[in-house]
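Here is what each chain is made of, one letter per residue.
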Amino acid sequence: MWASPEAAGCEREPIRIQARRPTMMFTSVELEYLRSQRLGRLATLTPRGTLQNSPVGFQVDDDAGVIAIWGRDMGNTRKFHNVAANGQVAFVVDDLVSVSPWVVRGLEIRGTAEALTGQTPPSGYWSAEVIRIHPRRIIAWGLGPDGGRTSRQVAPSLPAAG
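Residues numbered from 1 in each chain as written. Predicted model: local features only at pLDDT ≥ 70, side-chain atom pairs only at ≥ 80, totals over all residues. Heavy atoms only, no water.

Caption draft 1: Region of the structure containing the pairing of strand β7 (residues 88-99). Here four bridges tie strand β3 (residues 39-45) to β7, and the two strands are oriented antiparallel to one another. Its bridge partner being in β7, Thr-44 is matched across the sheet by Val-89. In sequence, β7 turns back onto strand β8 (residues 102-116) through a hairpin of two residues. (Pairing = 2+ DSSP bridges. Helix = DSSP H or I, 4+ residues; strand = E, 2+ residues; numbered from the N terminus.)

If you want it as structure tokens, here you go:
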């Protein structure tokens, strides 16, 4: 939004007033890693109480603090129906950096997810359904200069129910 010079109390060029950005869900190291990867594994809970683990492509929406999972026919997949019925998920992205020495790195994101319909996909290839993961806990290993393991609770990105 732009404020006029008069509204700003001066005769200078207009000043830009920026809306406050939400707190970042992912660290810069986590974002860099997630953006470098193409595949992850989404674990969902079936209505019968068993687990399903599916390889998926994904996108990071760091402004919203979510992971978006699109698909060719997402609305007809078991994972989409599992999320719609339960919403509890775990999502893992990892890779093997080296076998000698053995070096692995990755992220596990635990949280809740939404199964949304009628969305505008980022590509004409994908359908109008998306799974959006809202992290509650982020566990990282092998990332950053020390390559250590971190685990933290994160603030929910879903609006409060009411």
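Caption draft 2: Representation of the pairing of strand β4 (residues 51-57) within the structure. The sheet contact formed by β3 and β4 spans seven bridges and is antiparallel. Opposite Gly-40, over in β4, you have Val-56 as the bridge partner. Turn length for the β3-β4 hairpin, with the two strands adjacent in sequence and antiparallel, is five residues, and the turn residue Gly-49 shows positive phi of about 90 degrees.

Caption draft 3: Looking closely at the side chain of Glu-129. Note that Glu-129 resides in the loop between β8 and β9 (130-141). Here Glu-129 occupies a buried position and makes no salt bridge, while the nearest side chain of opposite charge, Arg-72, is found at 9.3 Å. Polar contacts involving the side chain of Glu-129 include one to the main-chain amide nitrogen of Gly-75, which spans 3.1 Å. At 2.6 Å, the side chain of Glu-129 forms a polar contact with the side chain of Ser-127. In this view, Glu-129 contacts Trp-70, Asp-73, Met-74, Gly-75, Phe-80, Leu-116 and Thr-117; residues no more than four positions away in its chain are not counted. (Buried < 20%, exposed > 50% of the residue type's maximum accessible area, 1.4 Å probe, protein only. Lys, Arg positive; Asp, Glu negative; His and termini not counted. Salt bridge = Lys/Arg side-chain N within 4 Å of Asp/Glu carboxyl O. Polar contact = N/O pair within 3.5 Å; in protein donor to acceptor, adjacent residues only side chain to side chain. Contact = heavy atoms within 4.5 Å.)

Caption draft 4: Representation of the pattern of salt bridges within the structure. In this structure the tally under the stated criterion is six salt bridges. A salt bridge links Arg-35 to Asp-62; the nearest nitrogen and oxygen atoms lie 3.1 Å apart. Within this pair, whereas Arg-35 is found in helix α1 (residues 28-36), its partner Asp-62 is found in the loop between β5 (59-61) and β6 (66-69), the two being separated by 27 residues in sequence. The class for Asp-62 is buried, based on a relative accessible area of 17%. For Arg-132, the salt bridge identified is with Glu-114, shortest N-O distance 3.5 Å.

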